[in-house]
Amino acid sequence: MNDALTAEVLRNALVVAAEEAGIVVVRSAYSTFIVEGSDASAAILDAGGRLIAHSMATTLMNSMALKVALPELVKDIPLATMRPGDVYVLNDAYRGGVHTNDLLVYRPVFTMGTPAYFAATMIHVSDLGGLSAGGMAPLATDVYLEGLQLPPVRLATADGLEPAVEAILRANSRTPDKVMGDVRALIAGTAVAATRIDALVREYGETGLRAGIDAYLDYTETRTRAALATLPPGRHQASYSIDDDGMNPDKPHHIRVSITLDTGQGGPAGAGRVVVDFAGTDPQVPAAINASASQSLAAAVFAVRCFLDPTIPMNDGCLRAIDVRLPPGSLLDARSPYPCGGRYVPIYAAIEAVFQALSDAVPERAIAASGILQPFSIASVAAPYWIHLAYDFGGVGARPGLDGPDATGVHFGVGRNSVPQVEPVEGRCPLVVESIETIPDSGGPGRHRGGLGSRTVYRFLADCHVTTRGDRLRLAPPGRDGGLPGRLGGFFKRRLDGSIERLASKVNNVRFATGEAFIVETTGGGGIGPPRERDPALLEADVEAGYVTPQGAAEGYGLPLRSGRPDRR
């Protein structure tokens, strides 16, 4: 039998099961960001907590949460007490979760009367309390300000929702009907995935499916180790700074990492392994720039996988070759009651630190630092509540031989589409999206240019609150090998008289009046290589296309202008 072929067939069957579950969640949910942004996750795990497969739209930050949290669920609710039709939920960041608005939902799948697998779904529901609507609390000083915390509890049985849990969720939400619509969508997704797993059990048999999954995970481990073995052995260190914590605007915080690549006989399935050690990272702070362990694990695994063969499946087999070490009580492994809602900030810094360390190890695959996503929420000031959650993306850093992609960010923490389309947002919320455009000259100059940031303008048709959680808006993403930093973005308020006020990167419930506008500008990516070494034809094409202005060509690339174009004479 062709083991690789068998593994691939089974992998696709499992991924399709998770993918169908995610689609059901998106089509059934009530929240705008889920319905229009397709930001839903689904995964298949076994009762031992191994990640078997996840949907194509699922991000590592979500699948790692579903993996890390499952043993915590089983610890509180033993497998022997579970019954067919039961569904469970939790959101505890200190037990594998993400933050309070991300609900992790599990349905056991039984074989021979015992839970053998779990179908799991996860989305950011519309609202579960906290300092601001939609789960954004950038100025939270403890977890209690971020919203309702749920330990592992039974959410539903074969007879329907648990009335007491539904009552608790409704009582803690500004948008109770939307939340319950989202919850029912999560439950429906697990039902679909469970049905598909049942079908695989019938097709392969209980023993056959288990053996096939074991072989599939071993196959993934072998490929991961083989890919790691191609990287040069050695130890590399890097760090990345966080602008501020929102409370002390002039105090940066730091993520530090040491990467050790080992091509010796480091594992049972092959040679390669990597240790990603974040020792030296700054301690947790009473501000929303901490992350839970599951999120930091995801960041490290994602960053390493960016330097490996992209066709390697993502499952527990991959994780066996990547040893991630997180200092307890640090920005990357926060403990109660330190807030975790701002996890994007430290985990993107962790990703960047790993990128730079591995760029030193494998310079032909290097990447300059990137602008990142800038999350924000827009919400009504009073009931009846409406909420718009969104992210805008910065430019990606340049790579050897390639300019950075524009306004896409390092695509790690979001779903299939991630940014909702304009028309549905305008139809659901009292606002007008006046413009969306890339920002000329925002990509860091270099032999290869950093990706451009973007500018989006929202004009409000009703009074509202705006909450932001940005970073890389004070400390620009640096270039590499002589490349220059990307241009800083920011959040801005355009008043009725046309004057512009720059907002802090992390603000909570800033009031905007009807007719005022909110402007989101994202940061560009860093360049790579000296700007004077850029191909003149590429620079001229940039000017023609509007990516670089004539003035930007002169100032950023050190070239005089002739007839509005760069002149190398």
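Provided above is the structure to which this section pertains.
Since the model is a prediction, treat every value here as computed from it, not as a measurement.

Caption draft 1: Molecular detail of unusual backbone geometry. A cis geometry characterises the amide bond from S336 onward to P337, with omega recorded as 10°. Here P337 is to be found in the loop between strand 11 (322–325) and helix 9 (344–361). A positive phi angle is found at D481, which is not glycine, with a value near 55°. Overall, the relative accessible area of 54% leaves D481 in the exposed class.

Caption draft 2: Region of interest: the side chain of T456. Locating T456 in the fold gives a position in strand 15 (residues 454–460). A polar side-chain atom of T456 sits 3.0 Å from a polar atom in the side chain of D392. Ignoring sequence-local partners within four residues, the contact set of T456 consists of D392, V433, S435, I436, F518, I519 and V520.

Caption draft 3: Molecular detail of the packing of helix 5 (residues 176–204) against helix 6 (residues 206–229). Where helix 5 meets helix 6, the closest approach of the two axes is 6 Å, and the angle between their N-to-C directions is 105°. It follows from the interaxial angle that helix 5 and helix 6 lie roughly perpendicular. Across the interface between the two elements, L200, V201 and Y204 of helix 5 pack against E206, G208 and L209 of helix 6.

Caption draft 4: Representation of the pairing of strand 17 (residues 490–494) within the structure. Where burial is concerned, most of strand 17 is hidden: four out of the five residues are buried. Pairing of strand 17 with strand 20 (residues 517–521), which is carried by five bridges, proceeds in the antiparallel orientation. Across the sheet, the residue bridging to F492 is I519, located in strand 20. In this structure, the hairpin formed by strand 17 and strand 18 (residues 500–503) is closed by a connection of five residues, where G498 is found at a positive phi of approximately 90°.

Caption draft 5: Spotlight on the side chain of T522. Along the chain, the position of T522 falls in the loop between strand 20 and helix 11 (536–545). Residue classification places T522 among the buried positions, given a relative accessible area of 0%. From its side chain, T522 meets the backbone oxygen of F393 in a polar contact 2.8 Å long. For T522, the side chain forms a polar contact with the main-chain nitrogen of S454, separated by 2.7 Å. Those residues in contact with T522 that lie beyond four places of it in its chain are Q374, D392, F393, G394, I439, G453, S454, R487 and G489.

Caption draft 6: Layout of the sheet that holds strand 15. Overall, antiparallel pairing links the five strands, which are arranged 14-15-20-17-18 in an open sheet. On the outer flanks of this sheet lie strand 14 (431–438) and strand 18, each paired with one strand and no other. Each strand axis lies, on average, 20° off the axis of its neighbour in the sheet, ignoring direction.

Caption draft 7: View of the nonpolar core. Y106, V257, I259, V276, F278, V304 and V354 are the most contacted members of the largest nonpolar core, which totals 87 residues. The element contributing the most residues to this core is helix 9, with 13 residues. If sequence neighbours within four positions are ignored, F278 has contacts with I255, R256, V257, A300, V324, R325, L326, P327, L332, A350 and V354. Within the second largest apolar cluster, 25 residues are counted, among which are V25, A29, V125 and A156.

So, how was this worked out
- Residues numbered from 1 in each chain as written.
- Predicted model: local features only at pLDDT ≥ 70, side-chain atom pairs only at ≥ 80, totals over all residues.
- Heavy atoms only, no water.
- Helix = DSSP H or I, 4+ residues; strand = E, 2+ residues; numbered from the N terminus.
- Buried < 20%, exposed > 50% of the residue type's maximum accessible area, 1.4 Å probe, protein only.
- Polar contact = N/O pair within 3.5 Å; in protein donor to acceptor, adjacent residues only side chain to side chain.
- Contact = heavy atoms within 4.5 Å.
- Axes fitted to C-alpha atoms, helices over the stretch in contact; angles between N-to-C directions.
- Parallel < 35°, antiparallel > 145°, perpendicular 65-115°, else oblique.
- Pairing = 2+ DSSP bridges.
- Core = buried A, V, L, I, M, F, W, Y, C linked by side-chain atoms within 4.5 Å.

Worth remembering: the numbers are spatial, not functional.
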